[in-house]
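Results of the structural survey
Now for the letters of each chain:
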Amino acid sequence: MVDVETKLPEVFQLQKQQQYVVKMTSAEERIDKLQKLKAEILAQAPAIIEALQQDLDKPAFEAASSEILSVMSEIDYYAENLKQWMEPVEVPSRSKGAQTKIISEPKGQCLIYSAWNYPFMLLFLPLVPALGAGNVCILKPSEMAPATSAISTKIIQKVFDESEVAVFEGGVDVATALLELPFNHIFFTGSTHVGREIMQAAGKHLASVTLELGGKCPVIIDEQVDLEKIVPRIVFGKYMNSGQICLAPDHVYVKENQQEEFARLVGEYIQRNYFENGKLTKEDLSKIVNERNLQRLKGLLEDAVSKGATVRYGGEIEDGRIYPTVLTDVLPDAKIMQEEIFGPILPILTYTDLDEVIEQINARPKPLGLYIFSEDQRVVDNVLSKTSSGGVAVNDVIRHMLEPNLPFGGVNESGIGRYTGIFGFKEFSHERGVLYQAPVGTNPLETFAHAPYKGKLEM
Ligand code: NAD
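First, a word on what this report is: a plain description of the structure on this page.

Reading guide: rules and limits
- Residues numbered from 1 in each chain as written.
- Predicted model: local features only at pLDDT ≥ 70, side-chain atom pairs only at ≥ 80, totals over all residues.
- Helix = DSSP H or I, 4+ residues; strand = E, 2+ residues; numbered from the N terminus.
- Rg over C-alpha atoms; globule rule 2.2 N^0.38 Å.
- Buried ≥ 20, exposed ≤ 12 C-beta atoms within 10 Å, placed from the backbone.
- Pairing = 2+ DSSP bridges.
- Contact = placed C-beta atoms within 7 Å.
- Axes fitted to C-alpha atoms, helices over the stretch in contact; angles between N-to-C directions.
- Core = buried A, V, L, I, M, F, W, Y, C linked by C-beta atoms within 7 Å.
- Near = placed C-beta within 6 Å.
- Parallel < 35°, antiparallel > 145°, perpendicular 65-115°, else oblique.
- Nonpolar A, V, L, I, M, F, W, Y, C, P; charged D, E, K, R; others polar.
- Right-handed = clockwise from strand over helix to strand, strands pointing away.
- Left-handed = near helix turned anticlockwise from the far one by under 90°.

Take the overall build of the protein next. Across its full length, the protein carries 15 helices and 20 strands. The globule rule puts the C-alpha radius of gyration for 459 residues at 23 Å, and the 25 Å found for the protein is close to it. Referenced to the eigenvectors of the C-alpha coordinate spread, the extents of the protein come out at roughly 85 × 60 × 35 Å. Burial analysis of the protein (459 residues in total) assigns 43% to the buried set.

Pairing in this open sheet of six strands is mixed, and the strands run 5-4-3-6-7-19 from one edge to the other. What marks the edges here is a single partner per strand, and that holds for strand 5 (165–167) and strand 19 (415–416). Sheet topology note: the strand 7 (residues 208–212)/strand 19 ladder contains two bridges and is antiparallel. Residue pairing for strand 19: Glu212 is matched across the bridge by Gly415. Against the sheet, helix 1 (residues 4–23) makes contact with strand 3 (109–113), strand 4 (136–140) and strand 5, and its axis sits at roughly 140 degrees relative to strand 4, the strand it touches most.

Further remarks concern the nonpolar core. Within the largest apolar cluster, 121 residues are counted, with the highest numbers of intra-cluster contacts made by Ile112 and Ile348. Top contributing element to this core by residue count: helix 4 (residues 60–86), with six residues. Apart from the residues within four sequence positions on either side, Ile348 is in contact with Val252, Val254, Gln259, Phe262, Ala263, Val326, Leu327, Thr328 and Val330.

With that settled, the discussion passes to the sheet that holds strand 20 (residues 429–436). The antiparallel open sheet is built from three strands, whose spatial order is 1-2-20. With partners counted over all chains shown, the strands left at the sheet margins are strand 1 (89–91) and strand 20, one partner each. This sheet shows a mean twist of 30 degrees between the axes of neighbouring strands, independent of strand direction. Bridge count for strand 2 (residues 99–106) against strand 20 is eight bridges, and the pairing is antiparallel. When the bridges of strand 20 are listed, Lys101 appears paired with Val434.

In the vicinity of the ligand lie 30 residues, with Ala115, Ala175, Gly190, Gly214 and Cys246 positioned nearest. Those elements that place two or more of their residues in the shell around the ligand are helix 8 (172–179) and helix 9 (192–205). The element best represented in the shell around the ligand is helix 8, accounting for four residues.

For the rest of this paragraph, the subject is the packing of helix 3 (residues 45–56) against helix 7 (residues 146–159). The interhelical angle for the contact between helix 3 and helix 7, taken along N-to-C directions, is 155 degrees, at an axis separation of 7 Å. Comparing their axes, helix 7 and helix 3 come out roughly antiparallel. Contact residues: Ala47, Ile48, Ala51, Leu52, Gln54 and Asp55 in helix 3; Pro146, Ala147, Thr148, Ala150 and Ile151 in helix 7. Its residues assigned to classes, the contact of helix 3 with helix 7 shows eight nonpolar, two polar and one charged.

Taking burial as the measure, the five residues of strand 17 (residues 369–373) include five buried ones, the bulk of the element. Here strand 17 shows two buried faces, one formed by Gly369, Tyr371 and Phe373 and the other by Leu370 and Ile372. Of the strand pairs in this sheet, strand 8 (residues 217–221) and strand 17 are connected by three bridges, and their pairing is parallel. Across the sheet, Ile221 pairs through a bridge with Phe373, a residue of strand 17. Pairing geometry for strand 17 and strand 18 (residues 391–394), over four bridges, is parallel. Following the sheet pairing, Leu370 is matched in strand 18 by Val392. In terms of handedness, the path from strand 17 via helix 14 (residues 377–386) over to strand 18 forms a crossover that is right-handed.

Mapping Ile68 onto the fold places it in helix 4. For the pair Ile68 and Leu139, spaced 71 residues apart in sequence, the C-alpha to C-alpha distance is 17 Å. If near-sequence neighbours (up to four positions away) are discounted, Ile68 is found in contact with Ile41, Ala45, Ile48, Ala63 and Phe120.

This part covers the packing of helix 3 against helix 4. Relative orientation of the contacting elements helix 3 and helix 4 amounts to 115 degrees, with a least axis distance of 9 Å. For the element pair helix 3 / helix 4, the angle class is roughly perpendicular. The two elements helix 3 and helix 4 meet at a crossing, and its hand is right-handed. In this structure, helix 3 contributes Ala45, Ile48, Ile49 and Leu52 to the contact, and helix 4 contributes Ala60, Ala63, Ala64, Glu67 and Ile68.

Now the structure itself:
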């Protein structure tokens, strides 16, 4: 066990000294560092998958694709583009003979917190832009995924000297001890509730923050769409990682007369994909992270049923898992509609007019993701113009996060700031404006603004 009280200030001080050395590194040196990280991730891939199975029973396929490959492809993207992003940008000057440019400099000392649902990806994905932008970093993995925290620490310690990247494992005590230090930037992934505390703590040192938070991501289904075709996309997004995804479709709005058909199609698709001979294929469904969350989800389900909802599919609990569950006739005042579900329960709500749906969405905090299934551009435009959310996917869910040229992040209660691709590079950089003034004497109007001012206003 690391003695956080003495070790933390010591490492922070080391990084403080090292930050200007790291700042001076070239694109090639930074890419080289990222490639070393990639090689070590690849070498440790079986151990990472094993750790994710220990923590979440995460299917190996999901662990490999969404946790490991996503980080490796972000490193590849940085290797292709970093040099260009680091170039100073020349901009026109308003002063005669002067030159102006914007240079991207690292923010300096950064702190990165990960959440437990994608405990590997959420620690390493922000590390890529942090290093690309030339920062030194301290990482705080999620204590709720201890095996992944341990393997992540091993990888970091193998690749980096602690004066550049260090890890501090632990729970809330470590998380709050870190917040006492005057970091330049804090990148936090987690709940909206803790995000507020992070922002408050950052205020003490006026550190900038990126907050990647949660919320309720709604799905709107226009009555014209072919339900059979879209159901696979919704089921995939809802039940992957047992719904423990910040961008998972939280609930679905369908036209009143389509609820029955939609629920039936979702149920049939669940049967085909998650069951074999009537038995749940557990290797395709992660477990709920811990007993507390399992009980929370059970409570949401019971409350919804007590308020008139019907469990159309699933509802059973077995071996730390909740069967993929579908609820119909869910009323907006049920608890399940008041908080982020973060589990494999899909409430279906009905509408008669799309404006009601827009009203309900706008009555809640702005979501991280909003999903619209429609072939009618006027419907899409109407929803886009009357709502706000971190990001949007039309005729799909979640996949907008995988687009390297789109910013990923929330808005207000679903988050502040953005990352992936160039947006991450900018998030971890300070855009510093630099003026190169023309030599003294080359601009005859230069001294016009100097005192004495007498008579100048009349000129
Ligand atoms: P959490 O807020 O409980 O914990 C996140 C991190 O904060 C952990 O490292 C934890 O140790 C630390 N922490 C906990 N209490 C703290 C405190 N008082 N002060 C400082 N740090 C503290 O979140 P979680 O349960 O790990 O993750 C689930 C939430 O994260 C969901 O709301 C989900 O939507 C959100 N999430 C968002 C994204 C995104 O990219 N926007 C991705 C994944 C998860």
